[in-house]
Amino acid sequence: EKGGWPSFMAKEIDEDPEAVANTLRGRVQHDTVVLPDLDALGDDYFTGIDRVVIVACGTAAYSAQVGVYAIEEWSRIPSVVELAHEFRYRNPVLTERTLVVSMSQSGETMDTLMAVRYAKERGAKTLSICNTQGATIPRESDAVVYTHAGPEVAVASTKAFLAQITALYLLGLYAAQVRGTLDAERRAELLTEFQTIPEKVRTVLDVRPRIRELANWMADTRSVLYLGRNVGYPIALEGALKLKEIAYIHAEGFAAGELKHGPIALIEPGQPVFVIVPSPRHDDTLHPKIVSNIQEIRARGARVLAICEAGDAAVLPYADEVIGVPPTEPFFEPLLAVVPLQVFAIELATAKGLDVDQPRNLAKSVTVE
Ligand code: F6R
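A few points on the structure. (Residues numbered from 1 in each chain as written. Predicted model: local features only at pLDDT ≥ 70, side-chain atom pairs only at ≥ 80, totals over all residues. Heavy atoms only, no water.)

## Some words on the packing of aromatic side chains
What characterises a pair of aromatic rings is the spacing of the ring centres plus the angle enclosed by the ring planes. Considering all chains together, one arrives at 11 aromatic pairs under this definition. A centroid spacing of 5.5 Å and a plane angle of 70° characterise the contact between W74 and Y169, whose relative ring orientation is edge-to-face. Here Y169 lies in helix 7 (residues 159–179) and W74 lies in helix 3 (residues 58–75), a separation of 95 residues in the sequence. Of the two residues, W74 and Y169, neither departs from the other in class, the shared state being buried. When the ring of F274 is compared with that of F344, the centres are 4.8 Å apart and the planes differ by 70°; the resulting orientation is edge-to-face. Residue F274 is located in strand 10 (residues 272–276), and its partner F344 is located in helix 13 (residues 333–351); the two are separated by 70 residues in the primary sequence. Comparing F274 with F344, the two get one shared label, buried. An aromatic cluster is defined as three or more aromatic residues linked by ring pairs; in this entry it consists of W74, Y169, F194, F331 and F332. R360 extends its terminal NZ or CZ atom over the ring of Y248, reaching a point 3.8 Å from the ring centre. (Phe/Tyr/Trp six-rings, centres within 6.5 Å; stacked < 30°, edge-to-face > 60°. Helix = DSSP H or I, 4+ residues; strand = E, 2+ residues; numbered from the N terminus. Buried < 20%, exposed > 50% of the residue type's maximum accessible area, 1.4 Å probe, protein only. Lys NZ or Arg CZ within 6 Å of the ring centre and 35° of its normal.)

Rendered as structure tokens:
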């Protein structure tokens, strides 16, 4: 069933483009998002809510963190992510105007399920975003939007992550449409660009041979750091998680702005640091800041591995390795930037001779608390 691939994980990374395409399919008509799945929440539901809380664990929580930037920006509904296992142990404020969204690939994660039950008991409506038809979490939720990444077998989540971000963006655009918080022209522009993303992800996958060389060369690395800002920040966290999980290498993701508040002390000569760089074309605030972060760590001897828009001339002089991705809207950059990080983790684990589908100590679905 691996279809000629050496592992399920390799096959599933190759399916990243389809995960986005299949999750979009049938849900965009011209300049409109169509999500009949949400009808179960009631008429005009999205005009009446005042908060979105997304509960999730692990990779699903990182996709949620990407999603809330977009949901809040487009729909102006205050939105947060909370780790499911923290959520119900701190007496959170929940009202009937709070939408609790759970994000789960398996739909069986016990921590997330318990958070959903807790939210329901406390009077909130629950929406499940899930990759597994008929799983427990969607069955117990008021409504469900399925991601259509297809079955994910490898323990480390890859294609489901892209599908999760896709579903949250659809949700954000839908809520914006209902609430009138985004003009129709801008929405149309975003939706048009959204539909080009599967093809762009496919292009990014062409970096596999180069990343294999990089990983072979780095097989003895003991620690890798990841930096990002804004939607690039959860991508840094996700990149680090992938490496820990399957390559058993110490890895940490930081918000680049935190560097000078402590983590920069970790930088010593030769320390590899992935930096997720936003496109300079859309953004004259974040891009120069990231470039100066790159200069700061480079000056201390870091080995800079930059993921940036192809041809970004500001990054070139300071990066040891530049992984270029096609230009897109800032909100879609995470869907491109995460791909080389998935590939890096699998290539490094492979270089170390590890079983990438079955990492030690981990299970695909965590059905205990
Ligand atoms: C990471 C990974 C885990 C899961 C987490 C939630 O690669 O697989 O962090 O993302 O256990 O699982 P689901 O999405 O099934 O609730």
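So that's the structure; there's more coming.
## Structural notes on the state of the cysteines
The tally for this structure, following the rule as stated, stands at zero disulfides. No disulfide involves C57; its nearest neighbouring cysteine sulfur is the one of C130, lying 13 Å away. Judged by its relative accessible area of 1%, C130 is buried. (Disulfide = S-S within 2.5 Å.)

## Observations concerning unusual backbone geometry
Excluding glycine, residues mostly have negative phi values, and the peptide bonds linking residues are mostly trans. One non-glycine residue, Y248, lies in the positive phi region at around 55°. If you trace the backbone, Y248 turns up in the loop between helix 11 (232–247) and strand 9 (250–255). The phi dihedral of N361 falls on the positive side, at around 70°, and the residue is not glycine. Along the chain, N361 turns up in the segment after helix 13. In this structure N361 comes out as exposed when scored by relative accessible area, which is 77%.

## Considerations on the sheet that holds strand 7 (residues 143–146)
With respect to topology, five strands assemble into an open sheet ordered 4-3-5-6-7, the strand pairing being parallel. Two strands in the sheet have a free side with no partner beyond their single neighbour: strand 4 (79–83) and strand 7. The sheet shows a mean angle of 25° between the axes of neighbouring strands, taken without regard to direction. In this structure, strand 5 (residues 98–104) lies alongside strand 6 (residues 125–130), joined through six bridges in parallel fashion. Looking at the pairing, S104 lines up with C130 of strand 6. Taken strand by strand, helix 7 contacts strand 3 (51–56), strand 5, strand 6 and strand 7, and its axis lies near 160° from that of strand 5. (Pairing = 2+ DSSP bridges. Axes fitted to C-alpha atoms, helices over the stretch in contact; angles between N-to-C directions. Contact = heavy atoms within 4.5 Å.)

Everything listed here is a matter of coordinates, which is why it stays silent on function.
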